[in-house]
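Examining the three-dimensional arrangement
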Amino acid sequence: MTERPPVETDDLAPWADDDLVQALRAPGTATELADQERYVAAFRRAGGSKIRSLPRRAAGRLGAGGTAVVVTVAVTSGVAAAYTGHLPDPVQQIAHTVIGAPAPDGHSRHHAGASGPQRPSRGAVSLGPTASTPGSSSTTPSSSPTSSGATSAPSARPSGHHEGPGTQPGPGGEDAPSDAPSPSASPSTSSGAPASAMSVSAPAHRVDLGQTLTLTGLVTDAVGAPLPDHPVLLQVRGGRHWRAVVETTTDASGIASAVTPAITRSAHFRWHAERGVSSTVWAVKMVPRLAVSADVGGSTTTISVTTDGARAGDAFLLYRHVAGRTTLVRRGRLDPTGSAGISVVTPHHAAAYAVRLLPTKHHAATRARVAVVPPAPAKLAISGSASRVGPGGTVTIGGTVTTASGYAVPGHRVVLCRRGPARWRPVARAVTDAAGQVSIVTPAITATSRFRLRTGHHVASGGWRVVEVPTLSLSADRSGGSVTVTANAVGARGGDRVVLLRRTAAGLVRLRHGRLDAGGSVTFVVRSRAARTTYVVRLLATKRHGTATGSVGVPGT
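In this text the structure is predicted, and so the values were computed from the model without any measurement.

1. Thoughts on the overall build of the protein
Check the secondary structure of the protein and you find seven helices and 35 strands. Across the 557 residues in the protein, those meeting the buried criterion constitute 39%. By sequence separation, contacts in the protein at least 24 residues apart represent 58% of the contacts at least 6 residues apart. In the form shown here, the protein has an accessible surface area of approximately 29600 Å², with 51% of it arising from carbon and sulfur atoms.

This is the structure in structure tokens:
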């Protein structure tokens with residue numbers, strides 16, 4: 001490799017007080033020179049430029065200055081200035097020796113105002129940073145967004161040329177350029193900075209069947225600045241890929257907004273700004289329509305479920321709410337029409353039933369409820385198997401519970417009540433069957449009683465009177481010219497009135513009357529007759545029992 005001559009220090013005399021020149025003139029140390037190859041290798045990797053190794057003779061004279069030049073040119077925009085010949089001749093010579101930049105051409109340089117502006121070289125386009133002037137500490141971007149969103153790029157200048165209006169005075173009276181092109185030029189675009197990120201937002205994640213949803217998104221560039229007038233797509237996830245549904249552009253604040261089509265199933269949406277730039281996914285769950293009704297009748301109630309937006313086979317759960325407690329009643333699935341019917345036992349009290357449609361990949365979960373009020377009885381009929389019974393006998397009391405419209409009310413409790421001295425007292429209970437009928441057996445009858453039926457809704461029937469009929473046993477004893485007739489009553493009380501009658505061809509003839517003793521017996525003595533005679537004993541009715549009659553025959557003398 002051919003070595004280049006070292007830089008003459010006399011050429012740097014005009015900048016003798018400059019920090020850079022002082023660094024160049026300082027002797028190099030073994031440690032500083034040991035990093036030379038590492039810097040050169042870094043430049044090769046970073047810029048891809050053809051960099052030649054620094055000759056040992058030049059390195060010996062440059063010392064720390066060589067290191068300073070390499071670092072300064074590498075980490076600042078001086079690389080662009082060095083490759084386009086915009087550095088002062090001595091510094092340009094150092095860049096030429098160290099990194100292979102063009103050699104200085106003093107004959108082509110002009111002072112400010114020496115000549116007018118020249119046209120840039122054909123094909124030179126600047127996208128790189130602007131070189132800082134010797135007195136500045138920062139660099140300015142080579143492009144900045146204009147009001148229309150396009151990026152303006154300064155034109156590159158040919159090597160060794162400076163435009164008068166765009167220059168600043170430099171060391172030694174020369175003009176340093178106010179900007180410099182990047183080492184490698186590429187075509188500039190007028191569509192603004194590329195999108196780097198995009199967000200997505202919407203007012204909800206759940207919508208009803210057939211409704212729409214407005215989604216918004218913000219498009220930003222690499223530094224987080226909004227991008228106005230940027231084309232974007234609203235996409236929906238299909239079976240295998242994302243499909244565009246709305247195409248729009250961002251407004252002045254970089255925000256895009258679009259309304260989805262009518263949603264008939266759960267879907268996933270996202271914004272797409274450009275290749276590789278998309279928002280996160282916004283999941284939208286479709287909520288189907290669900291209606292629940294109850295047909296209360298008989299001993300069962302039919303819960304009907306109808307849906308719109310669900311599919312055949314979708315599962316649902318039926319719950320019952322009673323007295324603050326929730327109970328799972330049944331599980332089921334929709335039929336091909338999206339409906340279902342469930343039969344449950346009609347509750348004795350008002351209850352609420354709820355149906356929960358379970359979620360699937362096509363729709364979200366939803367629920368509906370219905371109140372089930374058992375039919376209120378309005379009428380209670382009563383009947384009995386008998387109205388007169390002997391002492392200790394029973395009667396079967398029947399009844400039918402119906403509504404105001406005449407329909408039977410099953411499953412209702414009915415109470416059999418008997419009239420007491422002051423009020424009606426319950427004596428037995430039963431529940432109506434599917435036909436709304438009930439049958440209850442009374443307790444043993446020991447006295448005439450009145451019965452009636454009553455439901456839990458305070459609907460009572462009329463009364464049913466059961467009369468107790470005592471039994472009489474008679475005997476007759478003939479002694480001399482008299483006949484003794486004795487009657488024993490069961491179901492009567494002492495003191496009850498008794499009448500002795502004789503049957504004749506014309507009817508009954510009253511002979512004697514008396515009262516039962518404490519044992520329920522009575523004795524009558526009458527004159528005997530020559531012909532056969534039939535005697536009748538009649539126990540008169542009281543409020544506790546009915547009339548009882550007995551007869552006995554006495555042969556004639």
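2. Re the nonpolar core
One finds Leu213, Leu215, Phe269 and Trp271 to be the most contacted residues of the largest nonpolar core, which totals 24 residues. Elements represented by at least two residues in this core include exactly β7 (214-220), β8 (231-237), β10 (255-259), β11 (267-274) and β13 (282-287). Top element by residues in this core is β11. It accounts for four residues. Ignoring sequence-local partners within four residues, the contact set of Phe269 consists of Leu215, Leu234, Gln235, Val236, Trp242, Thr260, Ile263, Thr280, Val281, Trp282 and Val284. Listed in part, the 19 residues of the second largest apolar core include Leu474, Ala487, Ala489 and Val522.

3. Notes on the sheet that holds strand β21 (residues 379-384)
Whenever strands of a sheet pair, they do so through backbone hydrogen bonds, lying parallel or antiparallel. Pairing within the open sheet is antiparallel, and its three strands lie in the order β21-β23-β26. Each edge of the open sheet is held by one strand with a lone partner, namely β21 and β26 (437-441). Between one strand axis and the next, the sheet turns through 20 degrees on average, direction left out of account. Pairing analysis gives six bridges linking β21 to strand β23 (residues 396-402), with the strands arranged antiparallel. In the sheet register, Lys379 faces β23, and the bridge partner there is Thr402.

4. Describing the environment of His205
Along the chain, His205 falls in the loop between β5 (197-198) and β6 (206-208). Once the C-alpha coordinates of His205 and Trp282 are considered, the two residues, 77 residues apart in sequence, prove to be 7.6 Å apart. Non-local contacts of His205, meaning those with residues more than four positions away in its chain, are made with Trp282, Ala283, Val284 and Lys285. Looking at His205, its side chain comes within polar contact range of the main-chain oxygen of Ala283, at 2.7 Å.

5. Concerning the sheet that holds strand β34 (residues 533-539)
Taken together, the four strands give an open sheet; going across it, the order is β32-β31-β34-β35, and neighbouring strands pair in antiparallel fashion. A strand with exactly one partner marks an edge of an open sheet, and here the two such strands are β32 (507-515) and β35 (548-554). Put simply, the sheet's adjacent strands are angled 25 degrees from each other on average, direction ignored. Inspection of the sheet shows β34 paired to β35 by seven bridges, in the antiparallel sense. Paired with Val537 across the strands is Gly550, a residue of β35.

6. As for the pattern of salt bridges
Applying the stated rule across the entire model yields one salt bridge. A salt bridge links Arg289 to Asp308; its shortest N-O distance comes to 2.8 Å. On the criterion of sequence distance, the pair formed by Arg289 in strand β14 (residues 289-297) and Asp308 in strand β15 (residues 300-308) is long-range, its members being 19 residues apart.

7. Examining the pairing of strand β19 (residues 351-357)
Of all seven residues in β19, six are buried, a share of seventy percent or more. Alignment of strand β16 (residues 315-322) against β19, held across six bridges, turns out to be antiparallel. Bridge pairing links Leu318 to Val355 in β19. The pairing of β19 with strand β20 (residues 366-372) spans seven bridges and is classified as antiparallel. Bridge pairing in β20 places Ala354 opposite Arg369.

8. Here we look at unusual backbone geometry
Most peptide bonds take the trans configuration, and most residues that are not glycine carry a negative phi. Here the phi dihedral of Asp229 falls at roughly 50 degrees; this positive angle occurs in a residue that is not glycine. Residue position: Asp229 is located in the loop between β7 and β8.

9. Examining the pairing of strand β24 (residues 413-419)
The pairing of β24 with strand β25 (residues 424-431) spans seven bridges and is classified as antiparallel. Among the inter-strand pairings, Cys417 is bridged to a residue of β25, identified as Pro426. Here β24 hands over to β25 after four residues, the two strands then running antiparallel side by side. Bridge analysis of β24 against strand β27 (residues 449-455) gives five bridges, and the strand direction is antiparallel.

Reading the values: rules and limits
Residues numbered from 1 in each chain as written. Predicted model: local features only at pLDDT ≥ 70, side-chain atom pairs only at ≥ 80, totals over all residues. Heavy atoms only, no water. Helix = DSSP H or I, 4+ residues; strand = E, 2+ residues; numbered from the N terminus. Buried < 20%, exposed > 50% of the residue type's maximum accessible area, 1.4 Å probe, protein only. Contact = heavy atoms within 4.5 Å. Areas by Shrake-Rupley, 256 points an atom, 1.4 Å probe, with all protein chains shown as cover. Core = buried A, V, L, I, M, F, W, Y, C linked by side-chain atoms within 4.5 Å. Pairing = 2+ DSSP bridges. Axes fitted to C-alpha atoms, helices over the stretch in contact; angles between N-to-C directions. Polar contact = N/O pair within 3.5 Å; in protein donor to acceptor, adjacent residues only side chain to side chain. Salt bridge = Lys/Arg side-chain N within 4 Å of Asp/Glu carboxyl O.

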